[in-house]
Structure formats: structure tokens, C-alpha cells
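Descriptive analysis of the structure
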2 protein chains.
Amino acid sequence: MAFNKKEEFNPKEQSLAAFAKAISHPARIAILNVLAKRNECICGDIVELLPLAQSTVSQHLKELKNAGLIDGNIDGPRSCYCINWKAFEKFNTEFNSLFTTLKVKNEKACC
Amino acid sequence: MAFNKKEEFNPKEQSLAAFAKAISHPARIAILNVLAKRNECICGDIVELLPLAQSTVSQHLKELKNAGLIDGNIDGPRSCYCINWKAFEKFNTEFNSLFTTLKVKNEKACC
DNA sequence: ATCTTATATCGCAAATATACGATAAGCAAT
DNA sequence: ATTGCTTATCGTATATTTGCGATATAAGAT
């Protein structure tokens, strides 16, 4: 039991869910905020702004990167991260389209 | 270790993360779609549309309800679920506001 | 009262996520 | 070559999620 059944859903559902999962932890939202508050790639010091250990922050960064929400140049010391706006916008659109599709079709819901 | 540190983040981050978590599984997105495709509360038959056991679907419905995304009249047999548009819209706004704030501040990112 | 049907809940197993400390890896400067 | 700094990865513990079958519950039908 408890096999992963996620693949049995359609690609749109999967990709939106994956995006949601990427931002489903306050730490990762906080990281995105930190990255966005600067007009430049941020190198390090995210750790000091979060109540988490360095290794944990590194893990969250990795997840954001795997989800394609941020880009990172991991060159030796002083890695450099910044938000991948294209991906972010793509998913934003995807989310909104789901939302509005739902909205339109269901104006006269019963409860 | 592995204590839950989510409470140490600010409320906005927590609430957005909680919403994202609610829709972070394809099954739950699929359920929202099913609920939205009808102009009435749907009673049951969601189970038939998903590749999951009845008990599992029930669990996902519960999570969506806990997150406030759907309302449900659980009156004996034939429970009745439908989308809570207010909550959904609230979170949509919240998400967009995060997104646009980020966007504006970071037009000239370096990578 | 009993049966049927629909849904929720319980109990459990397996998978994933969260978090940390310890350690490795990479490079700059000495 | 060694030191120091920054970041990634490994190993591990614990928590949470996912999923199912079995069982309970609730109400309508017989």
C-alpha cells in the first residue's frame, strides 16, 4: 500500500500540484521573499534571516531549484540564487486559469 | 530533531503555505475540478472519477475542508460538497499579491 | 427491525518531508 | 600546502502524508 498514485492524474494537475508543493512550506516562501527583496542575485546570508540550520536552508533551496522556481549558480563558495521569473509566471498563469475556469462554471453553486 | 518550526515564520507565510499545501496533491486539484464542473453540490461519485479508494478520497476531502477550500454538508449518507469561493478568492489574491510584490521589486535581476 | 447505500473514521504500512549535526567539496588568500 | 570561509551532501531521527481495507455511522427503503 501507499504506493505513489500521483502519476495517474493528468499532467496539468500534476504540474500545478508540484508547484504548490514547492511553495507549501513557510520557509520556502520566506526564501522567495528574501530573493525578491534584492535587485541582484543573493549570495548566501539567507541562512541568517531564517530560523533554520544552514543544511536545512540548503535543502529548501534545492527543492525550489528542482521545482524550477529559482536558478542558482553553484560555483564553489558563494553560490548565487535568484528567482526564475518565467517559471514563476507560467505557474501563476496556470493557477489563475484553473481558478477562473472554476469560477465561471460555478457562479450559481448551491452552498 | 525534526521539530516543527513552521510556527516561527510570519502568519502570511504560514497561511499561504497552508493553502499551497492543500492543493499540493493532484488528487485534490482533480477534486476541485470535479466540484467546479457542476452547478450543484456533488454527492459522492467523485470516487468513481478518481483512481483512488473511497476512504482515500474521503481523506482528501477532509483536508480540503480543513483548509477551508470547500464546504460540506455531511448529513448522514449523501454528503454534499462544494467549493468555498470566498476562501479560494482570498488565497488567490494573497498569492497574486506575493507574486506582484516580488515582480515589481525585481525587474532587473541579474540571472 | 433489518437491509442497503453512502460516507466517515480507525488502524496500519509504506513513502516523503523536515530538520539537524557532521562531513565533504570548492575556492581564495596566505 | 595549509587555512579559512561558504555551501552542498550524507546520515539519521522524527513527523507527516498517502493509501488501503475494515469497520462504524447515518439515514432511507423494505
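First things first, this report covers the structure right here in the doc. (Residues numbered from 1 in each chain as written. Chains lettered and ligands numbered in written order. Predicted model: local features only at pLDDT ≥ 70, side-chain atom pairs only at ≥ 80, totals over all residues. Heavy atoms only, no water.)

**Side note on the nonpolar core**
Grouped together as the largest cluster of nonpolar side chains are 63 residues, with contacts concentrated most on Ile46 of chain A together with Ile46 of chain B. Setting aside residues no more than four positions away along its own chain, Ile46 of chain A makes contact with Ile31, Val34, Leu35, Val57 and Leu61 of chain A. (Core = buried A, V, L, I, M, F, W, Y, C linked by side-chain atoms within 4.5 Å. Buried < 20%, exposed > 50% of the residue type's maximum accessible area, 1.4 Å probe, protein only. Contact = heavy atoms within 4.5 Å.)

**Some thoughts on the side chain of Glu94 of chain B**
Residue and element names in this part refer to chain B. Of note, Glu94 is situated in helix H5 (residues 85-105). Within the buried set, Glu94 has no salt-bridge partner at all; the shortest N-O distance to an opposite charge, 4.4 Å, is to Lys90. Of note is the side chain of Glu94, whose polar atom sits 3.5 Å from the backbone nitrogen of Leu16. Residues contacting Glu94, with those up to four places away along its chain left out, are Lys12, Ser15 and Leu16. (Helix = DSSP H or I, 4+ residues; strand = E, 2+ residues; numbered from the N terminus. Lys, Arg positive; Asp, Glu negative; His and termini not counted. Salt bridge = Lys/Arg side-chain N within 4 Å of Asp/Glu carboxyl O. Polar contact = N/O pair within 3.5 Å; in protein donor to acceptor, adjacent residues only side chain to side chain.)

**Considering the packing of helix H2 (residues 26-36) of chain B against helix H4 (residues 54-66) of chain B**
Residue and element names in this part refer to chain B. Look at H2 against H4: their axes get within 10 Å of each other, and the N-to-C directions meet at 80°. Relative to H4, H2 is oriented roughly perpendicular. Side by side, H2 and H4 meet where Ala27, Arg28, Ile31 and Leu32 of the first sit next to Val57, His60, Leu61, Glu63 and Leu64 of the second. (Axes fitted to C-alpha atoms, helices over the stretch in contact; angles between N-to-C directions. Parallel < 35°, antiparallel > 145°, perpendicular 65-115°, else oblique.)

**A word on the pattern of salt bridges**
Residues and elements named next belong to chain A. By the definition in use, this model includes two salt bridges over all chains. Here Glu63 ties to Arg28 by a salt bridge, and the two come within 3.2 Å at their closest N and O atoms. Placement of the pair is Glu63 in helix H4 (residues 54-66) and Arg28 in helix H2 (residues 26-36), with a sequence separation of 35 residues. Glu63 sits in the partly exposed class, given a relative accessible area of 38%.

**A short note on the environment of Phe95 of chain B**
Structurally, Phe95 of chain B can be placed in helix H5. Between the alpha carbons of Phe95 of chain B and Ala20 of chain B there is a distance of 9.2 Å; along the sequence they are 75 residues apart. Ignoring sequence-local partners within four residues, the contact set of Phe95 of chain B consists of Phe19, Ile23, Asn92 and Phe95 of chain A together with Leu16 of chain B.

**Observations regarding the packing of aromatic side chains**
Using the criterion set out here, one finds 11 aromatic pairs over all chains in the structure. Between Phe19 of chain A and Phe88 of chain A the ring centres are 6.0 Å apart and the planes differ by 85°, which places this aromatic pair in the edge-to-face class. Highlighted residues: Phe19 of chain A in helix H1 (residues 11-22) and Phe88 of chain A in helix H5 (residues 85-105), separated in sequence by 69 residues. For the ring pair Phe95 of chain A and Phe19 of chain B, a centre distance of 5.9 Å and an interplane angle of 85° mean the geometry is edge-to-face. Taken as a pair, Phe95 of chain A in helix H5 and Phe19 of chain B in helix H1 (residues 11-22) lie in two separate chains rather than in one. The same class applies to Phe95 of chain A and to Phe19 of chain B, which are both buried. Cluster of aromatic residues (ring-pair linked, three or more members): Phe19, Trp85, Phe88, Phe91 and Phe95 of chain A together with Phe19, Trp85, Phe88, Phe91 and Phe95 of chain B. (Phe/Tyr/Trp six-rings, centres within 6.5 Å; stacked < 30°, edge-to-face > 60°.)

From the geometry alone we can't say anything about function, so treat these as descriptive.
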